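Observations on the three-dimensional arrangement
Below, each chain spelled out in residue letters.
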Amino acid sequence: QKGSRQRAPPGTMAKDARAGGELDVPGKARKGKRDLEKVLLLCTRGVTHRHRHLFQDLMQLLPSGKKENKLDTKKDKDVVNEIAELKGCTSCILFEVRKRMDLYLWMAKTPNGPSVKFHVQNIHTMAELKLTGNHLKGSRAILSFHGAFDEQPHLQLLKELLSQIFGSSTKKHQKTKPFIDHVFNFTLADNRIWFRNYQIVLSDDRSKTNFDKMQLVEVGPRFVLNPVKMFSGSFKGQVLYENPNYVSPNTVRADERRGKSSRYVQKVKAKKRRKIHEEKNAKAPDEFADLWQEHDLSD
């Protein structure tokens, strides 16, 4: 009859359930939501105003970034992986501050790694520079890498990590605008990575894009990344690379203090040598020393 349904024989579904099989349901299979790259940004306690402004600049440059409260601990960094999992992030940027003056920046792929520890130097924020460049907030960026990144294995790994973190803002992301109007430039010089952000300025003639007249105007911020160590895991694991040219800022400050103390020691030694020299070479008595005294008595 019309509208009647056929029933399966009794016990058929029970047998399928006991066998662990699945029933075939007609229709289209649901497509899972594509996993988007999201970056977690957080910092430890003790950041200065300059570090905080740099943190805010990176938040503006990364539309896929998610901000988290300050991290209370500096030793147990496994907590960062748990926070990234709760936030649904695949990458992490951690600002670790030591002695309220030294900034270390961690970049990691959570939760399996790899991760890199940088020492940040020559920080100049956008508010400090006040450059003429300006681009749309939330727009996508072109990544430009120095050719030296393809020469050594650890530099190739750094290039891939920077590409996935700073190039995470795809057009399918919710907060990303479908425009490309700026360039992230990573230059390798003096065993350090120099970061610059430029705006792409086109000519006024919008009828036809002339790439020969295209110009780059710097926006900011500026900073230099000095690699310290690379780990196979996220904030832990086997050391893949260690920079032999890296010198700790504590060592640099100790050398400066030692240089100042050495100058003081040299002054003290010079005074002692002068005193000994005067004792060994006594001055001859002056025959005219009592001349004026005798003249006064005669008057």
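The model shown is predicted, which means the values in this text are computed figures rather than measured ones.

Bringing the overall build of the protein chain into the picture now. Along the backbone of the protein chain there are 7 helices and 11 strands. The buried share among the 299 residues of the protein chain stands at 34%. Summarising the internal contacts of the protein chain: among those between residues at least 6 apart in sequence, 66% fall at separations of at least 24. By element, 50% of the accessible surface of the protein chain is carried by carbon and sulfur atoms, the whole surface being about 20,800 Å².

As a further point, take unusual backbone geometry. Among all residues except glycine, the phi angle is most often negative; among peptide bonds, the trans geometry is most common. Here the bond from T110 into P111 is cis, since omega is 0°, no more than 30 degrees from zero. In this structure, P111 sits in the loop between strand 4 (102–109) and strand 5 (115–124). Omega for the bond connecting G220 with P221 falls within 30 degrees of zero, at 0°, which places this linkage in the cis form. Examined against the element boundaries, P221 turns out to sit in the loop between strand 9 (215–218) and strand 10 (222–231). Notably, K99 is not glycine yet its phi reads approximately 60°, a positive angle.

Bringing the nonpolar core into the picture now. With 36 residues, the main nonpolar core has I93, F95, M107, F166, F186 and I193 as its most contacted residues. The biggest single contributor to this core is helix 5 (residues 153–166), with 6 residues. Ignoring sequence-local partners within four residues, the contact set of F186 consists of L143, S144, F145, H146, F149, L162, F166, I193, W194 and F195. Formed by 13 residues, the second largest nonpolar core is a distinct cluster that contains L40, L42, C89 and F235.

Before going further, it helps to examine the packing of aromatic side chains. Per the counting criterion, the structure on display carries 11 aromatic pairs. Taken together, a centroid distance of 5.4 Å and an interplanar angle of 80° make the contact between F55 and F95 edge-to-face. Taken as a pair, F55 in helix 2 (residues 49–61) and F95 in strand 3 (residues 91–98) lie far apart in primary sequence, 40 residues in all. Pair check on accessibility: F55 and F95 agree, each one buried. Centroid distance W106 to F231: 5.8 Å. Interplanar angle 20°. Geometry classified as stacked. With W106 in strand 4 and F231 in strand 10, this pair connects stretches of sequence that are 125 residues apart.

For the rest of this paragraph, the subject is the side chain of D102. Position of D102 among the secondary structure elements: in strand 4. When its relative accessible area of 7% is taken as the criterion, D102 is described as buried. Beyond its immediate stretch of four places on either side in the chain, D102 contacts E96, V97, P249, N250 and R253.

Counting through the fold element by element, Q174 comes out in the loop between helix 5 and strand 7 (177–189). Considering only alpha carbons, one finds Q174 and P63, 111 residues apart in sequence, at a separation of 8.7 Å.

Turning to the confidence of the model for the protein chain, a few remarks are in order. Within the protein chain, residue pLDDT values average 83, and 84% of them lie at 70 or more. Confidence drops under pLDDT 50 across residues 12–33; counting only partners more than four residues distant or on other chains, this segment forms 3 contacts.

With that settled, consider the pattern of salt bridges. Per the stated rule, a full pass over the model turns up 14 salt bridges. For D102, the salt bridge goes to R253, with nearest N and O atoms at 2.9 Å. Of this pair, D102 sits in strand 4 while R253 is found in helix 6 (residues 249–280), placing the two residues 151 residues apart along the sequence. A salt bridge links R274 to E278, with the nearest nitrogen and oxygen atoms 3.3 Å apart. Here E278 and R274 lie together in helix 6, a separation of 4 residues that amounts to about one turn.

Glancing now at a positive patch on the surface. Among the surface-exposed residues, R52, K70, K74 and R100 lie close enough to one another that they form a single positively charged patch. Mapped onto the elements of the fold, R100 is located in the loop between strand 3 and strand 4. Note on R100: relative accessible area 60%, which makes it exposed.

About the criteria used
- Numbering of residues begins from 1 in every chain and follows the order in which that chain's sequence is written.
- It should be noted that, the model being predicted, local features are given only for residues of pLDDT at least 70 and side-chain atom pairs only at 80 or more, the latter also being counted only at that level, while totals for whole chains, interfaces and linings use all residues.
- For side-chain calculations, the full set of non-hydrogen atoms in the structure is used, while hydrogens and water are omitted.
- A run of DSSP states H or I qualifies as a helix once it reaches four residues; a run of E qualifies as a strand once it reaches two. Both are numbered from the N-terminal end.
- Think of it in three bands: with a 1.4 Å probe and only protein chains considered, a residue is buried below 20% of the maximum accessible area for its type, exposed above 50%, and partly exposed in between.
- For this analysis, residues touch if any pair of their heavy atoms sits within 4.5 Å.
- Methods summary: accessible areas were calculated by the Shrake-Rupley approach with a probe of 1.4 Å, and residue burial reflects only the protein chains presented.
- Definition of nonpolar core: a set of buried residues of the types Ala, Val, Leu, Ile, Met, Phe, Trp, Tyr and Cys, connected through side-chain atoms within 4.5 Å.
- Centre distance within 6.5 Å is the pairing criterion for rings of Phe, Tyr and Trp, where only the six-membered ring of Trp is used; planes under 30 degrees apart are then read as stacked, over 60 as edge-to-face, and the remainder as tilted.
- pLDDT is a per-residue confidence score from the predictor, ranging from 0 to 100.
- Note on definitions: salt bridges are taken to be side-chain nitrogens of Lys or Arg within 4 Å of carboxyl oxygens of Asp or Glu.
- A patch consists of residues whose relative accessible area exceeds 30% and which take part in no salt bridge; residues with like charges are grouped when within 9 Å of each other, and nonpolar side chains (Val, Leu, Ile, Met, Phe, Trp, Tyr) when within 5 Å.
- Counted charges follow a simple rule, with Lys and Arg positive, Asp and Glu negative, and His plus the chain ends left uncounted.
- To locate a charge, take NZ of a lysine, CZ of an arginine, CG of an aspartate or CD of a glutamate.

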